[in-house]
Amino acid sequence: MKEEVNLQQLTLLLAKHADISTQDAETFLKEFFTTIPNILLNEDLLEIKDFGTFTLTQVSTKEAALNAKENNTPTWLKLRFSPAEELKNRINKPFSHFECVLLNKDVSFDNLTKVTENEEDETSEDILIEIGHENTPEEIAEAPAEKTEKLPEAFEEKETTATTTYEKTAMEKAENTGLEKHKKKKRKPIARWMPILGTVAVAAVLIFFFVSEQRNQQALKNNPEKVSAKAIETKTSQANLTIPTDSFQQTTETPEENEKVKLSAGKTLRMIALEKFGNREFWVYIYYKNKDRIKNPNIIPEGIELTIPNESEYDIDASNPQSITKAKLLGDIELKKFR
Amino acid sequence: MTTEDFITELSKQLSLDLPKTSEILTAAVDVIKDKLSEGACITVEGFGTFDTEKKPEYILVKQEEQQQFLVPPKIIVVFKPDSAFIEKIKEKEV
């Protein structure tokens, strides 16, 4: 459940953070949020350091500009908030270690949107505001289709057909705003190739985790992680294939919501995974969840407190063979690094 | 308008000195950033909403080089002005 923060809560947080009275904090925030649109009335750009930039630009083609003057037709302004680099990086921290991966030519994934280089743009979050009419529509979103002829680039938002729970929530939320966004949804039927695609998709995770992992390996004390010989010998021949359909997971839950387990003597991640998730191969997700504390999954100190991920955080489903295969492949990748 | 000018404007409105205004502005921005990075949605009545959204992964096609790249998902900050903000902007003279 997403936390909702309102002005009152912000006021209390600011008062505490800035060591000022609640009243001063409230006055400041009210002035802050009032001044921003006031400034944009006279300025086209407002930069707030380390936060972002509000820009207001007139959307015009030659034709629209002529029309505006001659026929008193409405003018459109494009409002955009561009977050500062620091804010962007901070927000995207869960995915910051993922990188773009070059795909082999024989790899194809029907369930992901394809975007050509020149189509890639960041304007999907622009808000269009119509001015210049006495009776302007109440909501911008009323007739996006009618306006797309003149202003196509501002409306486009690209989406994939990936259907993780998190994405569905984000999509539903975006649909309910009442503001103008034009969405393209490409939905392609998932056919009877699902099992094959699933296996291929599982292997796709390899590239991301393999490329993004650059931690130092340090030997840790105490009991080593017992890894089955079978897991070590398993080959990962699908290293060249990529694309997870649902492998990118964000941990949205706070630490308080996850179970904690203390690693007792003789216990291994595989044993805990078997206990908690019904299959040993899911040990790799316990490792991921505790990566900041476990340098080497083969050597885990006795007594360490492990955070057990919820099944929804990663693709953990003991009844799903694909889920198990995926976890096994991920586990093999991780173990290879420590040979 | 730059950040410095914005601070000047705020300090004028609030009758505060510049260093103090700058300090409180930094604190306010930090608070908002903290909440957003926790995944919270910040709604200010009469202004709008700052929220985070996950952009799904997609395939980027470079036709000239005949290459395809898997672009990972990312979480972005989204600002949605509310009706009062928009009505204010509509007063802008162009």
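Now for a description of the structure that goes with this document.

Conventions adopted
- Residues numbered from 1 in each chain as written.
- Chains lettered and ligands numbered in written order.
- Predicted model: local features only at pLDDT ≥ 70, side-chain atom pairs only at ≥ 80, totals over all residues.
- Heavy atoms only, no water.
- Helix = DSSP H or I, 4+ residues; strand = E, 2+ residues; numbered from the N terminus.
- Buried < 20%, exposed > 50% of the residue type's maximum accessible area, 1.4 Å probe, protein only.
- Contact = heavy atoms within 4.5 Å.
- Expected span 1.5 Å × (residues − 1).
- Arc of directions from axis to C-beta.
- Buried area = accessible area lost by both parts, 1.4 Å probe.
- Salt bridge = Lys/Arg side-chain N within 4 Å of Asp/Glu carboxyl O.
- Polar contact = N/O pair within 3.5 Å; in protein donor to acceptor, adjacent residues only side chain to side chain.
- Nonpolar A, V, L, I, M, F, W, Y, C, P; charged D, E, K, R; others polar.
- Pairing = 2+ DSSP bridges.
- Phe/Tyr/Trp six-rings, centres within 6.5 Å; stacked < 30°, edge-to-face > 60°.
- Axes fitted to C-alpha atoms, helices over the stretch in contact; angles between N-to-C directions.
- Parallel < 35°, antiparallel > 145°, perpendicular 65-115°, else oblique.
- Left-handed = near helix turned anticlockwise from the far one by under 90°.

Attention now goes to the overall build of chain B. Counting its secondary structure elements, chain B contains 3 helices and 5 strands. A total of 94 residues make up chain B; the buried ones form 59% of that total. Contacts spanning at least 24 positions in sequence make up 30% of the contacts within chain B whose residues lie at least 6 apart.

Once that is clear, we can look at unusual backbone geometry. One non-glycine residue, D50(A), lies in positive phi territory at about 65°. Along the chain, D50(A) falls in the loop between strand 2 (45-48) and strand 3 (52-59). Relative accessible area serves as the criterion here: at 38%, D50(A) is assigned to the partly exposed category. Unusually for a residue other than glycine, S15(B) sits at a positive phi of about 55°. By the secondary structure assignment, S15(B) is in the loop between helix 1 (3-14) and helix 2 (18-37).

Turning next to helix 1 of chain B. Taking 1.5 Å per residue as the helical rise, helix 1 of chain B with its 12 residues ought to reach 16 Å, and the 16 Å between its terminal C-alpha atoms agrees with that figure. Every buried residue belonging to helix 1 of chain B is among T3(B), F6(B), I7(B), L10(B), S11(B) and L14(B), and all of these are buried. All buried residues of helix 1 of chain B project into a common sector of 135° when viewed along the axis, lining one side. Opposite its buried face, helix 1 of chain B presents the exposed residues E4(B) and K12(B), each directed more than 90 degrees away. Where helix 1 of chain B is buried, its residues touch helix 2 (22-42) and strand 2 of chain A together with helix 2 of chain B. Of the residues flanking the end of helix 1 of chain B, it is S15(B), one or two places downstream, whose phi is positive at about 55°.

Mapping F47(B) onto the fold places it in the loop between strand 1 (41-44) and strand 2 (48-55). A relative accessible area of 1% means that F47(B) is categorised as buried. In sequence terms F47(B) and F79(B) are 32 residues apart; their C-alpha atoms lie 10.0 Å from each other. In contact with F47(B), other than residues within four places in its own chain, are F33(A), I36(A), P37(A), F54(A), F79(B), P81(B), D82(B) and F85(B).

Facing the 95 residues of chain A at the interface are 71 residues of chain B. Roughly 7800 Å² is buried in total at the junction of chain A and chain B, and carbon and sulfur atoms are behind 69% of that figure. Interface area lost by chain A to chain B is led by F28(A), L41(A) and I91(A), which between them contribute 9%. The salt bridge partner of R90(A) is D34(B), with a shortest N-O separation of 2.2 Å. The tally of links between chain A and chain B comes to 16 residue pairs in polar contact (both at pLDDT 80 or more). By residue number, the principal contributor to the side of chain A that touches chain B is helix 2 of chain A, which donates 14 residues. Grouping the constituent residues of the side of chain A that touches chain B by class yields 53 nonpolar, 19 polar and 23 charged. Examined bridge by bridge, strand 6 (residues 114-116) of chain A and strand 3 (residues 58-62) of chain B share 3 bridges and lie parallel to one another. Bridged to V115(A) within strand 3 of chain B is L60(B).

A few words on the packing of aromatic side chains. If you walk through the whole model with that rule in mind, you get 25 aromatic pairs over all chains. Measuring from centroid to centroid gives 5.8 Å for F32(A) and F6(B), while their planes differ by 65°, and the two rings are edge-to-face. Here F6(B) lies in helix 1 and F32(A) lies in helix 2, a pairing that spans two chains. Classification of F32(A) by relative accessible area gives buried; the value is 1%. A relative accessible area of 0% places F6(B) in the buried class. For the pair Y288(A) and Y314(A), a centre-to-centre distance of 6.2 Å together with 40° between the ring planes defines the contact as tilted. Of this pair, Y288(A) sits in helix 11 (residues 283-289) while Y314(A) is found in the loop between strand 11 (305-308) and helix 12 (321-336), placing the two residues 26 residues apart along the sequence. When its relative accessible area of 13% is taken as the criterion, Y314(A) is described as buried. Clustering of aromatic rings is evident, with ring pairs tying together F28(A), F32(A), F33(A), F51(A), F54(A), F81(A), F6(B), F47(B), F50(B), F79(B) and F85(B).

Attention now goes to the sheet that holds strand 7 (residues 127-131) of chain A. Residues and elements named next belong to chain A. One open sheet accounts for 4 strands, arranged 2-3-4-7; its pairing is antiparallel. What marks the edges here is a single partner per strand, and that holds for strand 2 and strand 7. Neighbouring strand axes in the sheet, compared pairwise and without regard to direction, differ in orientation by 20° on average. Against the sheet, helix 2 engages strand 2, strand 3 and strand 4 (75-83), with an angle of about 145° to strand 2.

All names here are of chain A. Here helix 1 (residues 7-18) crosses helix 2 at 120°, and the two axes come no closer than 8 Å. Taken together, the axes of helix 1 and helix 2 are oblique relative to one another. Once helix 1 is placed against helix 2, the crossing between them reads as right-handed. Contact residues: helix 1 offers L7, L10, T11, L12, L14 and A15, while helix 2 offers T22, A25, E26, F28, L29, K30 and F33. The class makeup of the residues in the contact of helix 1 with helix 2 is 9 nonpolar, 2 polar and 2 charged.

So far we have only geometry, and geometry alone does not tell us how the molecule works.
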